[in-house]
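The chain contents come next:
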There are 2 protein chains.
Amino acid sequence: MRYCVIMCGGVGSRFWPFSREERPKQFLDFFGSGRSLLQLTFDRVLEVVPAERILLVTNHRYADLIRTQLPEVPAENILLEPARRNTAPCICWAARHIAALDPEASIVTLPSDHLVLKEKAFHTALRRGFEFVEAADRLLTLGIKPTSPQTGYGYIQQGAPVADTPDFFKVKSFTEKPDLELAKVFLDSGEFFWNAGIFLWKAKSILDAFNLHDPETAQVFDAGDGLYATPDEIPFIEKNFPNAPSNSIDYAIMEKARNVYVETVDLGWSDLGSWKALYETSPHDAEGNVTQNCRVLHHNCQDTIFAIDRADRIVVASGLKDYVVADAGNALLICPIAEEQRIRQVVNDVKERFGDDFI
Amino acid sequence: MRYCVIMCGGVGSRFWPFSREERPKQFLDFFGSGRSLLQLTFDRVLEVVPAERILLVTNHRYADLIRTQLPEVPAENILLEPARRNTAPCICWAARHIAALDPEASIVTLPSDHLVLKEKAFHTALRRGFEFVEAADRLLTLGIKPTSPQTGYGYIQQGAPVADTPDFFKVKSFTEKPDLELAKVFLDSGEFFWNAGIFLWKAKSILDAFNLHDPETAQVFDAGDGLYATPDEIPFIEKNFPNAPSNSIDYAIMEKARNVYVETVDLGWSDLGSWKALYETSPHDAEGNVTQNCRVLHHNCQDTIFAIDRADRIVVASGLKDYVVADAGNALLICPIAEEQRIRQVVNDVKERFGDDFI
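In this convention, every chain numbers its residues from 1, walking through the sequence in written order. Naming scheme: in the order in which they are written, chains are lettered from A and ligands are numbered from 1. Owing to the predicted nature of the model, reporting of local features is limited to residues with pLDDT of at least 70; listing and counting of side-chain atom pairs is limited to 80 or more, with chain, interface and lining totals taken over all residues. Here the side-chain values reflect all heavy atoms present in the structure, with hydrogen atoms and water set aside.

### Thoughts on the interface of chain B and chain A
Contact definition: two residues touch when any of their heavy atoms are within 4.5 Å. Contact residues are listed per partner, giving 36 residues for chain B and 36 residues for chain A. A 1.4 Å probe defines the accessible area here, and the buried area is the portion of it lost by two parts on being joined, summed over both. Interface area, chain B with chain A, both sides summed: about 2,900 Å², of which 58% is carbon and sulfur. Salt bridges, as used here, are contacts in which a Lys or Arg side-chain nitrogen is within 4 Å of a carboxyl oxygen on Asp or Glu. Across the chain B-chain A interface, the total number found is 2 salt bridges. For the salt bridge of A:Arg313 with B:Asp327, the shortest nitrogen-to-oxygen distance reads 2.3 Å. Polar contacts, as used here, are pairs of N or O atoms within 3.5 Å; protein pairs need one atom able to donate a hydrogen and one able to accept it. Residues neighboring in sequence count only if both atoms are side-chain atoms. One can count 24 residue pairs in polar contact (both at pLDDT 80 or more) joining chain B with chain A. Those elements that provide at least two residues to the side of chain B that touches chain A are strand E13 (295-299), strand E15 (314-318), strand E16 (323-328), strand E17 (331-336) and helix H11 (343-354) of chain B. Strands are runs of DSSP state E lasting at least 2 residues, helices are runs of H or I lasting at least 4, and numbering of each runs from the N terminus. Here the element with the most residues in the side of chain B that touches chain A is E17(B); it accounts for 6 residues. Relative to E17(B), strand E15 (residues 314-318) of chain A is paired through 4 bridges, and the arrangement is parallel. From the neighbouring strand, A:Ile314 faces E17(B), where its bridge partner is B:Ala331. At least two DSSP bridges between two strands are required for those strands to pair.

### With respect to the relation of the copies chain B and chain A
Superposing the two chain copies requires a rotation about an axis and a translation along that axis. The superposition of copies rests on a least-squares fit of C-alpha positions from residues with pLDDT of 70 or more in both. Superposing chain B onto chain A requires a rotation of 180° together with a translation of 0.1 Å along the rotation axis, leaving an RMSD of 0.1 Å. In symmetry terms, the pair is related by a two-fold rotation axis. Most of the interface of chain B is mirrored in chain A: 100% of its interface residues are interface residues there too.

### Some remarks on unusual backbone geometry
Note that the residue after A:Trp16, namely A:Pro17, is joined by a cis bond; omega there is 5°. A positive phi is found at A:Asp303, a non-glycine position, where the angle reads about 50°.

### Some details on the sheet that holds strand E14 (residues 305-308) of chain A
Here 6 strands make up an open sheet; going across it, the order is E12(A)-E14(A)-E16(A)-E17(A)-E15(B)-E13(B) and the pairing mixed. Two strands close off the open sheet at either side, each with one partner strand: strand E12 (290-292) of chain A together with E13 of chain B. Along the sheet, successive strands turn relative to each other by an average axial angle of 5°, direction set aside. Both E13(B) and E15(B) contribute to a ladder of 5 bridges, which runs parallel. Its bridge partner lying in E15(B), B:Arg295 is registered against B:Ile314. Throughout, an axis means a line fitted to C-alpha atoms (over the contacting stretch in the case of helices), and angles, computed between N-to-C directions, take values from 0 to 180 degrees. Seen against the sheet, helix H11 (residues 343-354) of chain A touches strand E17 (331-336) of chain A together with E13 and E15 of chain B and runs at an angle of roughly 145° to E13(B).

### Observations regarding helix H6 (residues 203-213) of chain B
Those residues of H6(B) that sit buried are B:Ala203, B:Ser205, B:Ile206, B:Leu207, B:Ala209 and B:Phe210. Tucked into the core, H6(B) has its buried residues touching helix H3 (87-101), strand E4 (106-111), strand E6 (139-144), strand E9 (192-202), helix H7 (215-222) and helix H9 (249-254) of chain B. Residue exposure (1.4 Å probe, protein chains only): buried if accessible area is under 20% of the type maximum, exposed if over 50%, otherwise partly exposed.

### Description of the sheet that holds strand E14 (residues 305-308) of chain B
Spatially, E13(A)-E15(A)-E17(B)-E16(B)-E14(B)-E12(B) is the arrangement adopted by the 6 strands of the open sheet, whose pairing is mixed. Taken across any chain shown, the strands that pair with only one partner, and hence form the sheet edges, are strand E13 (295-299) of chain A together with strand E12 (290-292) of chain B. In this sheet, adjacent strand axes meet at a mean angle of 5° when their direction is disregarded. When E16(B) meets E17(B), the two strands line up antiparallel, connected through 6 bridges. When the sheet's bridge partners are listed, B:Tyr323 is paired in E17(B) with B:Pro336. Those strands touched by H11(B) are E13 and E15 of chain A together with E17 of chain B, and its axis lies near 145° from that of E13(A).

### Comments concerning the packing of aromatic side chains
Whether two aromatic rings pair depends on their centres lying within 6.5 Å, for rings of Phe, Tyr and Trp, where Trp uses its six-membered ring; planes under 30 degrees apart make the pair stacked, over 60 edge-to-face, and the rest tilted. Applying the stated criterion across every chain, the model contains 30 aromatic pairs over all chains. Between the aromatic rings of A:Phe186 and A:Phe192, the centroid separation amounts to 3.9 Å while the plane-to-plane angle is 5°, which identifies the pairing as stacked. The burial state of A:Phe186 is the same as that of A:Phe192; both residues are buried. A ring pair is formed by B:Tyr228 and B:Phe236, whose centres lie 6.0 Å apart and whose planes are at 80°; its orientation type is edge-to-face. Judged on exposure class, the residue B:Tyr228 and its partner B:Phe236 are both buried. Following the ring pairs from residue to residue traces out a cluster consisting of A:Phe15, A:Phe18 and A:Trp275.

Here's what the structure looks like:
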């Protein structure tokens, strides 16, 4: 049967002061739609995988948030990591858990905090992807057709096409985030696709790949054989999960395995990884300003994004160009969009200077 | 005996969003000292005039605020105007009221929302001023020695010195706010002083001046003869005060009377009439930024004033130069200091667009 694993344990600080340690990005209602990014992701997957087979893997500190936001998810479908170990251990555990429920299961694994505007294309991509990985021992990643020379994304280079299966290719290489010049070359080549972190495989295929390419992680979880999906799973994980090395699935498996494929898709996708990305995916007024879920009176402002977390507040702004104005909870951020890479540093500075209450 | 009249009925919108219709500037704790500008004014006068002879004239809507902020003021010392009529009717009524208590009284009349840094000089100036107006039928205004070519103030030009009384001069002229070029000429001449709106006279002298120069106003209040400082005063005022023409004391009396004098003083004074004025009177950091009663982490900001009304909030700002960042209640203002003349217009726009809750 088909399963879904939504990874929702991240602590993004790039949207501070909106995202906070206690309430990271995936739990925020970014677009004022009434649903958080996690809820939107869940809704989006429901068309393809039923709620009872959607698993959420997260850090234990977010358990309550998830139960509140997704009450329809059965308690046993929430896998709580006792420590942060990046995506590889998370994916290995989830695959073990699902294999215990159904050894023949296939799985789509995806982040909880991305934007997908083309829902139908997403559903089609997932269904085609499931068929593709169920037909053979294959690891599949979705590659997003790039629309601009983004420097914030990793890229996947396509290799040989798969016979009789349009849009599916062997993966030739994974690349790190390029500089702008290289990103332009990638875009023009037509061979490079954004790595969206959306993966499909059979449980068996990914577990085999762990045995082969990341045996250290595989062994940590092999030790729990027979305990998964039983009452003994939680104590086992509590004790052993922290022993798994911290690693990303890209480094641990995808860049090493030989049976890696890419399905190239056009999903209206953004990782919403930065204010710039959010700016680009949001509707603009005539002066290029974006008002994110708030009321703003602006004069002589251009290409500026305004975000406030309280509907009962207003902003009056004048003379800002290419700025982020983000007002949330007990903090207000006013900074040029171009400097947003500094936000992570800023959050550290804030912590040092003003304490934990502000991060 | 010596009396003081503190005028505290103004609705300044220039410090929006800090000042609001329901809580104008004089009631705000601008400097985080724990005392509002009104309270600071009251404290400052107490050295010269005892509490029981300090009167407060204000709009009826601020009665509760005043009682809360100055519980030591006897209820009968709060004169509530039933309508806004600028300073002339306010001063005429207060003089009538005081004359009924003591026909020989002398009075200092002053605004409630100014800054005076040199308290001792202020006390000396008031004592010398009282002696000066008690000695003859004279109307006296304080003239502040200018320290820069301010375009936001009216100026007083000194005339002939008063014999044996240093710092006292006949007034040659009152001028409107000058442009920068003229303000520089004024400053260089040494003959021009800022008009601080602080006046001294005997009750009898100012009432005589009203009869002579503003008979329309004088007649409105003459009709209440015998009622002042009795229980019948309030109903009389409720009914008749609105009939007085709206006019400033400068236009109604000071620019017309022949017995007008100026006492030139150095008080460390500012009318705090604008963010710029507040900026100039506040301590700056190395980059010229002012943080008004708040916590700010700034990077690459210059000559910017940050004001927040809540101690539990922080601001992180980058790349602002010559800006005002003012965050108070349900509104946030970010605008170049040079544009602050627009704030009054902005407040109107806000009212039109978002409603009364924000002004």
